[in-house]
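# An overview of the molecular structure
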Amino acid sequence: MALDIQTIEHDVLVIGAGGAGLRGAIEASNAGISVGLVCKSLLGKAHTVMAEGGVAAALANVDDRDSWKVHFADTMRGGQYVNNWRMAEHHAKEAPDRVRELEKWGAVFDRTKEGKILQRNFGGHRYPRLAHVGDRTGLEIIRTLQDKSVHEREIKVYMECTIVRLFKDGERVTGALGYFRERGRFVLFKAKSIVMATGGLGKAYAITSNSWEYTGDGYSLAYHAGADLIDMEFVQFHPTGMVWPPSVRGILVTEGVRGEGGVLRNKDGKRFMFDDIPENYRNQTAKNEEEGWRYTQGDKNAMRPPELLTRDHVARCINREVKAGRGSPHGGVFLDIAWIKERIPNAEKYIQKKLPSMYHQFKELGGIDITKERMEVGPTTHYTMGGIKVDGDSQMTTVPGLFAAGEAAGGLHGANRLGGNSLSDLLVFGKRAGENAAKFAQENKAGAVAEADIESAAQWSLSFMDSPKGDENPYKVQQDLQVMMQDLVGIVRREDEMVKALAGLKTLWERAKKVQSQGNREYNPGWHTCMDLTNLLTVSEAVTMSGIRRKESRGAQFRDDFPEKSDTYAKMNMVIRKAKDGSMELIEQPTKELPPELKQVIEEMAK
Amino acid sequence: MAADNEPTSRPNNEVQPPFVHTASAPKPGTVAEALGRRDFKVWRGNALGGGYKDYTAEISAGMVVLDAVHQIQATQAGDLACRWNCKAGKCGSCSAEINGKPRLMCMTRMETLPEGTVTIQPMKAFKPIKDLVTDVSWNYEVKKKIAPFKPKAPEADGTWRMQQFEVERVQEFRKCIECFLCQDTCHVLRDHGKHEVFAGPRFFVHAAQLEMHPLDTVNREPFLKHDGGIGFCNITKCCTEVCPEHIKITDNAIIPLKERVADTYYDPLVRLWRWAFKKGEQPVEPKA
Ligand SMILES: Cc1cc2nc3c(=O)[nH]c(=O)nc-3n(C[C@H](O)[C@H](O)[C@H](O)COP(=O)(O)OP(=O)(O)OC[C@H]3O[C@@H](n4cnc5c(N)ncnc54)[C@H](O)[C@@H]3O)c2cc1C
Ligand code: SF4
Ligand code: SF4
Ligand code: FES
């Protein structure tokens, strides 16, 4: 072969080293088989490290009324019942064990007075449920898993290596092509099974809490390999991102601020969240400010303040205030935690202790002392509820041998994810995917990878440097895409705008073919961006098409032209698939009927 | 299969005319005050060598150095290499030396830098890969040598009890974002290149976290004394000064560890006591 391509073989290949990938790799290695773990950044830098508020698990350490049933019902209600209920069931049942297991591996969560793992309040969770370490829970989790995995002999880690194509032998996945960022050299991974743990797609939007890594690679790679994607329209806009100064716009302000008593106010000082409480949450929401405060202080008879309603709803209320001209000076609203000094002694110390990284983030980046002043916040693109469609028990996608877990997989969260349910998702389904991928690898022989496939993928990668078809700047194309998606397929959507976006994507696809990278193959972010564009465009198209087809407002998808929920779409998942002719097709797939015992759980919990 | 797997798209919407979206004008209050252009010297090169190149960037209020680097990348030097992820001081990717000081680029606001040209160079204690990216893989190898956490037996219900005051000490160390700025600044590594025999402040923090963990049962003193080379540290506290997580590396991690090692190796009584009551493993005698 003309191209110099190194070949590496493993039983299981895990793509992505966030919480899901690490947990999956650890589990697969428990089967005593060889595991390759690939990530785009250095180990320990994946998105999981940025998670702040906590990991949701019904440990019932703080409120003994909590149980898997309540967690299950909360997750389904938050997801507005289009969730994969099987996943929601496993998740609620297994999360407590997965969290305790972290403690066995060295994690140090904050403690209750009895010395157990402390849990805090978060939006949409009925009881205090989020195990946490101040506001740096993700760091604790990724470091614990990282430190565990580097001592597992079967796991071999490939850092700063990006996968650009999956290969199949017949129907089954058999390998992947990647390049090492350092020298730009290609590597072919052959594996009996592959786990996609590649995270989300926030970089398709201009205002986001996500890093350069989140270009939707996993969705796009799986899609082009023939896997189904599900409910891609559900992109979560977190209600509280920083808005000022512009250079930090989008950076997350954890929901933990509201969990600790922080309140949202408009420019008139009004707590506007009390104005609009959705019907299905009415009997779980505080009647007044006093009750809300008592809830955050652990009063079991009080209901949660409206600031802790689900993210989709809070984000829309903020959007409404801003549009109505009642926002803060820089186009957001006010988030105030400093006010708690009226209620508790030593409030400044308390805030610094409970929210240390928020304190520093605002102090150093925004020049604001949150123990004294109000923050300005507004919605930011945060999380992808949709994803690669998986079987609720095995985590296998519609492509045999290809598994998915974490943010890359779709289904658990339905139309809206509850805070803290992602970290638990990673642990529960990372483990399950690792286990089942190992099983698949043990039960199946290695498949083949066609030389021609490898060659064509490598040639495609190099074409942006060796034989560019134009001189478009890849960064510029990416920026234009981000701005368009933000404007036309954002928090509030309309058919005409989304149809325009589809047409705009067509233009951008053309431009993306003409991008050119400067320089050579050595650690060249411009070249990498050229390749990332394909993934970004693929997923943007999937989000837009699904958004157009779901003609209703549900969870994260709010349609100005269809502001109500529809009974038809209540029972529909939007499935995206690559058609034979290479075009993207959308299939409306009925959701699976809930089994009676789970239905009963939901009914019981609704009381 | 190749064609089938090709990442091209033929959108269904053939009827749509091509469309170009232009951003609407920025909303009032969302544009920062322009502070003019500033000059930068950025080190460009690789393991074989390199030098400074001049760039300029348009600065607005609130911008951090990483924003300027990204602007240079997007407009003047598409292949300029740098690492970053969180842009909020949480991941420890964007370490570099700004005007000679080891810092996180994402947490260094332009307004805090003195007037004049801003110099950005890669961390000096590690081999350059390209531009601002250095080879930090050595750090990952060091960690492998440190014995992992091994907890004592749990309570009857299979879980552990720890009090908040007990965990706070190790939580300080567990804040570490592995930015390796402390490694970069420590003269033992930076000036004397003792990577083979000295683990560096980051890994003393890591060891301290394990050693002081209320549940841990392993003794890492032999490692600290021998492979870790804690004796090379002469308590200059330079590492503490650069730590973006404000971990008191020297006072809270290194000094207590040094004391333990000294006790164990030079005080036979302490050693016997440790062996009998605290941790299982008896330290290996230093080789002559
Ligand atoms: C600022 C912030 C705060 C958050 N706070 C919380 C919280 O408090 N609680 C909560 O539950 N959730 C929170 N979340 C969400 C949660 O952190 C993420 O959803 C979760 O960490 C995703 O984990 P993951 O393992 O699926 O993927 P990630 O941790 O994102 O990891 C993805 C991995 O895939 C790799 N990868 C991607 N593409 C490729 C490719 N082509 N080739 C090779 N490797 C690839 C990446 O390098 C990376 O290693 C937060 C998210 C953000 C951004
Ligand atoms: S205190 Fe020790 S470890 Fe820290 S910089 Fe000085 S010599 Fe290095
Ligand atoms: S101890 Fe501080 S300076 Fe050193 S790697 Fe950790 S966070 Fe960085
Ligand atoms: S980008 Fe994460 S610390 Fe700077």
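Within each chain, residue numbers correspond to sequence positions counted from 1 in written order. Throughout, the order in which chains and ligands are written sets their labels, letters from A for the former and numbers from 1 for the latter. Residues qualify for local features only when their pLDDT is at least 70, as the model is predicted, and side-chain atom pairs are given and counted only at 80 or more; totals for whole chains, interfaces and linings, by contrast, use all residues. Excluding hydrogens and water, the side-chain figures rest on all heavy atoms present in the structure.

## Examining the overall build of chain A
Our working definition: Strands are runs of DSSP state E lasting at least two residues, helices are runs of H or I lasting at least four, and both sets are numbered from the N terminus onward. A 1.4 Å probe rolled over the protein chains alone gives each residue an accessible area, and that area as a share of the maximum for its type sets the label: buried under 20%, exposed over 50%, partly exposed in between. Contacts between residues were defined by any pair of non-hydrogen atoms, one from each residue, lying within 4.5 Å. For the area figures, the Shrake-Rupley method with a 1.4 Å probe applies, and any residue is considered shielded solely by the protein chains shown. Charge counting treats Lys and Arg as positive and Asp and Glu as negative, with His and both chain ends excluded. By convention, charge coordinates are those of NZ in Lys, CZ in Arg, CG in Asp, or CD in Glu.
What chain A contains, in helices and strands, is 17 helices and 20 strands. Along the longest, intermediate and shortest principal axes, the C-alpha atoms of chain A span 70 × 50 × 50 Å. The buried share of chain A, taken over its 607 residues, is 70%. For chain A, the proportion of contacts with a sequence separation of at least 24, taken over those separated by at least 6, is 74%. By element, 48% of the accessible surface of chain A is carried by carbon and sulfur atoms, the whole surface being about 19000 Å². When the 84 positive and 83 negative side-chain charges of chain A are each reduced to one mean point, those points stand 2 Å apart.

## Topic: the pattern of salt bridges
How we decide: The working definition used for a salt bridge is a side-chain nitrogen of Lys or Arg within 4 Å of a carboxyl oxygen of Asp or Glu.
Applying the stated rule across the entire model yields 73 salt bridges over all chains. When the shortest N-O distance is used, the salt bridge between A:Asp496 and A:Arg494 registers 3.1 Å. When its relative accessible area of 44% is taken as the criterion, A:Asp496 is described as partly exposed. As a salt-bridge pair, B:Asp191 and B:Lys124 come within 4.0 Å of each other at their nearest N and O atoms. Taken together, the positions of B:Asp191 in the loop between helix H6 (187–190) and helix H7 (201–211) and B:Lys124 in the loop between strand S5 (118–121) and strand S6 (128–130) put the pair 67 residues apart, joining distant regions of the chain. Each member of the salt-bridge network shares a partner with another, and the members are A:Arg23, A:Glu27, A:Arg98, A:Glu101, A:Lys431 and A:Glu435.

## Looking at the site of ligand 2
Residues and elements named next belong to chain B. Using the following cut-off: We call a residue near a molecule or strand when any one of its heavy atoms sits within 4 Å of it. Amino acids are sorted into nonpolar (Ala, Val, Leu, Ile, Met, Phe, Trp, Tyr, Cys and Pro), charged (Asp, Glu, Lys and Arg) and polar (every other residue, Gly among them).
Near ligand 2 the following residues occur: Cys186, His187, Pro201, Cys233, Asn234, Ile235, Thr236, Lys237, Cys238, Cys239, Thr250 and Ile254. Looking at the shell around ligand 2, the elements with two or more residues in it are helix H9 (238–242) and helix H10 (249–266). Partitioned by chemical class, the residues of the shell around ligand 2 number seven nonpolar, four polar and one charged.

## A short note on the site of ligand 3
All residues adjacent to ligand 3 are B:Cys176, B:Ile177, B:Glu178, B:Cys179, B:Phe180, B:Cys182, B:Arg202, B:Cys243, B:Pro244 and B:Ile249. Of the residues in the shell around ligand 3, the class split is eight nonpolar, no polar and two charged.

## A short note on the nonpolar core
For clarity, the cut-off: Definition of nonpolar core: a set of buried residues of the types Ala, Val, Leu, Ile, Met, Phe, Trp, Tyr and Cys, connected through side-chain atoms within 4.5 Å.
The biggest cluster of nonpolar side chains holds 260 residues, and the ones touching the most others in it are A:Phe72, A:Leu166, A:Ile194, B:Phe40, B:Met105 and B:Ile120. With eleven residues, the single largest contributor to this core is helix H15 (residues 525–549) of chain A. Core analysis: the second largest hydrophobic core is formed by six residues, A:Val82, A:Tyr383, A:Met385 and A:Ala556 among them.

## Points about the sheet that holds strand S3 (residues 55–56) of chain A
Counted only if it meets this: Two strands pair if DSSP finds at least two bridges between them.
Taken in spatial order, the three strands line up as S3-S5-S4 (chain A) in an open sheet, and their pairing is antiparallel. Among the strands making up the open sheet, the edge pair consists of S3 and strand S4 (119–120) of chain A.

## Observations concerning the domain arrangement of chain B
All names here are of chain B. Spelled out, the test is: Where each domain starts and ends comes from a domain assignment, either automatic or drawn from a database. Two parts placed together each lose some accessible area under a 1.4 Å probe, and the buried area is that loss summed for both. In the analysis that follows, any N or O atom pair within 3.5 Å is treated as a polar contact, provided that within protein one partner can donate a hydrogen and the other can accept it, and provided that, for residues neighboring in sequence, both atoms belong to side chains.
According to the domain assignment, chain B contains domain 1 (34–133) and domain 2 (137–277). The C-alpha centroid of domain 2 is placed 31 Å from the C-alpha centroid of domain 1. Taken together, the contacts link 14 residues of domain 1 with 16 residues of domain 2. Together, the buried faces of domain 1 and domain 2 total about 1100 Å²; carbon and sulfur atoms form 58% of this surface. Taken as a group, Pro102, Ala125 and Phe126 account for 45% of the area that domain 1 buries against domain 2, more than any other trio of residues on that side. Counting the contacts that link domain 1 with domain 2 gives two salt bridges. The closest approach of N and O atoms between Arg190 and Glu97, which form a salt bridge, is 2.8 Å. Across the domain 1-domain 2 interface, the total number found is five residue pairs in polar contact (both at pLDDT 80 or more). Put simply, the parts of the chain that give the side of domain 1 that touches domain 2 at least two residues each are strand S3 (95–98) and strand S4 (101–104).

## Describing helix H12 (residues 451–466) of chain A
Residues and elements named next belong to chain A. Cut-off, in case you're wondering: Here, expected helix span is obtained from the residue count minus one, scaled by 1.5 Å. To get the bend at a given residue, fit one axis to the seven residues ending there, fit another to the seven starting there, and take the angle between those axes.
Its 16 residues place the ends of H12 21 Å apart at the C-alpha level, agreeing with the 22 Å of an ideal helix rising 1.5 Å per residue. At Trp460, H12 shows its largest bend, some 30°. Looking only at H12, the buried set comprises Asp453, Ile454, Ala457, Ala458, Trp460, Ser461, Leu462, Ser463, Phe464 and Met465.

## What about the interface of chain B and chain A?
Listed as interface residues are 84 residues of chain B and, on the opposing side, 97 residues of chain A. Between chain B and chain A, a total of about 7500 Å² is buried, with carbon and sulfur atoms accounting for 53% of that surface. Applying the counting criterion to the chain B and chain A interface returns six salt bridges. Between B:Glu178 and A:Arg143 there is a salt bridge; the shortest N-O distance is 3.7 Å. Of all the secondary-structure elements, those providing two or more residues to the side of chain B that touches chain A are helix H1 (2–5), helix H2 (65–75), S6, helix H3 (137–145), helix H4 (164–174) and H7 of chain B. It is H4(B) that provides the largest number of residues to the side of chain B that touches chain A, a total of six residues.

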